[in-house]
Amino acid sequence: YLAAAILGALTWVLIQMGQRYTNLVDMVYPYVTRSVQSFLTAWTGGFDFLVWQTAILFLIIVLIATLVLVFIFKLKVIRWLGWAAAAIAAVVLLHTGIYSLNNYAGPIEEDLRLDMVDYTQSELEAATVFYRDMANDLAGKLTRDENGLPACSDFDTLAALTGDGFRTLARERSFSIFGGDYTPVKRLGWSFLYSAQGKTGVTVPLTGEAAVNPDIPGYALPFAMAHEMAHRLCIARNDDADFSAFLACTENENLEYQYSGYFMAY
């Protein structure tokens, strides 16, 4: 319990520093954590399965086995709970240190050199019409099946193309925030559990793995892949990851990505 308290206190200190020194976080932290994510992705990318899901399964087995031993040998449950608390605190501290302080980095509009201003109702309506018209135009260019529905590419084909849009943004548009590792995202195992919760994907910084639910509708799949890759590029906030995904989709030469980007924006 003492170890858990110390680790929890260290996590609290890191969060307080992140909130107080946002300029320092913005200047240094994202680049360091992006390097860490690239290193982890290079390691876990060699496996077809999700390492973090396998680790969770292993930990559940260890949890149950040790708890059974506690009762068999009549050990103190309170001590077992202390070890569990210390382990959880260590994981939270590690996650905070290598990723979650990105939530306190400066707004993405500064990295993209955008001027943020208030918009009017008519401008919002015009933007909505624009996204609708772009989506409709691209819809007419998509390959369709005998039922007239878009013939979506398979998961692996789309995953291999996700990095193209980010690569263009980083190299041709000179937005360094989109630089990093473009290893394809993985399929999310146990997808039925995430479908029941309405989740389209999960990114786990501790293993550098971005995963997408393969059961979501085809029109949303490219956007979801770009969203999770944005998270892996250390764009932590969800609204920023959404906007990054839109930009990456529209900069991708693949029509399915362009359609998904404009449709989801609409």
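Please refer to the structure higher up on the page.
Below or above, wherever it landed, is the structure these notes cover.

The rules behind these values
Sequence order sets the numbering: in each chain, residues are counted from 1 along the sequence as written. Per-residue local features are limited, in this predicted model, to residues with pLDDT of at least 70; the limit for side-chain atom pairs, both in listing and counting, is 80 or more; totals at the level of whole chains, interfaces and linings are taken over all residues. Side-chain descriptors were evaluated using all non-hydrogen atoms of the structure, hydrogens and water having been removed beforehand. Helix numbers and strand numbers start at the N terminus; a helix is a DSSP run of H or I with at least 4 residues, a strand a run of E with at least 2. Only protein chains enter the accessibility calculation, which uses a 1.4 Å probe. A residue is then buried if its area is under 20% of the maximum for its type, exposed if over 50%, and partly exposed in between. What makes two residues a contact is simply this: any of their non-hydrogen atoms within 4.5 Å. Where accessible areas are quoted, they stem from the Shrake-Rupley method and a 1.4 Å probe; at the residue level, only the protein chains shown are allowed to cover. Asp and Glu count as negative and Lys and Arg as positive, but His and the ends of the chain are not part of the count. Here the site of a charge means NZ on Lys, CZ on Arg, CG on Asp, or CD on Glu. When DSSP finds two or more bridges between two strands, those strands count as paired. Angles here are taken between N-to-C directions and fall from 0 to 180 degrees, while the axes themselves are lines fitted to C-alpha atoms, restricted in helices to the stretch in contact. Every angle not falling under 35 degrees, over 145, or within 65 to 115 is termed oblique; those three ranges are roughly parallel, roughly antiparallel and roughly perpendicular. In this description, a nonpolar core means a group of buried Ala, Val, Leu, Ile, Met, Phe, Trp, Tyr and Cys residues linked to one another through side-chain atoms lying within 4.5 Å.

**What about the overall build of the protein?**
Next up, step 1: On a plain count of helices and strands, the protein comes out with 12 helices and 3 strands.
Next up, step 2: Each of the three principal axes of the protein carries a C-alpha extent, and together these read 70 × 50 × 35 Å.
Next up, step 3: Counting all 266 residues of the protein, 39% fall into the buried class.
Next up, step 4: Counting only contacts in the protein whose residues sit at least 6 apart along the sequence, the fraction spanning at least 24 positions is 75%.
Next up, step 5: Summing over all exposed atoms, the protein offers an accessible surface of approximately 15,200 Å²; the carbon and sulfur share of this is 63%.
Next up, step 6: Averaging the positions of the 17 positive and the 27 negative side-chain charges in the protein gives two centres separated by 12 Å.

**Description of the pairing of strand E2 (residues 201-204)**
Next up, step 1: Burial of E2 is two-sided: the residues Gly-201 and Thr-203 facing one way and the residues Val-202 and Val-204 facing the other way are all buried.
Next up, step 2: Across 4 bridges, E2 lies against strand E3 (residues 209-212) in antiparallel orientation. Looking across to E3, one finds that Gly-201 is bridged to Val-212.
Next up, step 3: The loop that links E2 with its antiparallel partner E3 comprises 4 residues; one of these, Gly-208, has a positive phi angle of about 65°.

**Thoughts on the packing of helix H8 (residues 155-171) against helix H11 (residues 238-250)**
Between two packed helices, the angle of one axis relative to the other and the distance separating the axes together describe the packing.
Next up, step 1: Where H8 meets H11, the closest approach of the two axes is 7 Å, and the angle between their N-to-C directions is 95°. Taken together, H8 and H11 sit at an angle that is classed as roughly perpendicular. Residues Gly-165, Phe-166 and Leu-169 of H8 touch H11, and the partners they reach there are Ser-244, Leu-247 and Ala-248.

**A short note on the sheet that holds E2**
Next up, step 1: Pairing within the open sheet is mixed, and its 3 strands lie in the order E1-E3-E2. The sheet is open, and its two edges are formed by strand E1 (186-187) and E2, each paired on a single side.
Next up, step 2: Here 2 bridges tie E1 to E3, and the two strands are oriented parallel to one another. Looking across to E3, one finds that Lys-186 is bridged to Ala-211.

**Observations concerning the nonpolar core**
Next up, step 1: Ranked by internal contacts, the top residues of the largest apolar core, which has 39 residues, are Phe-166, Phe-178, Val-185, Val-212 and Met-225.
Next up, step 2: Looking at this core, the elements with two or more residues in it are helix H7 (121-139), H8, E3, helix H10 (221-232), H11 and helix H12 (255-265).
Next up, step 3: No other element matches the 7 residues that H10 contributes to this core.
Next up, step 4: Every residue in contact with Val-212, bar those within four places of it in the chain, is listed here: Phe-155, Val-185, Lys-186, Arg-187, Leu-188, Thr-200, Gly-201, Leu-221, Ala-224, Met-225 and Glu-228.
Next up, step 5: Counting residues in each nonpolar core, the second largest holds 7 residues, with Leu-188, Tyr-194, Val-202 and Ala-211 among its members.

Take it as geometry only, folks, not as evidence of what the structure does.
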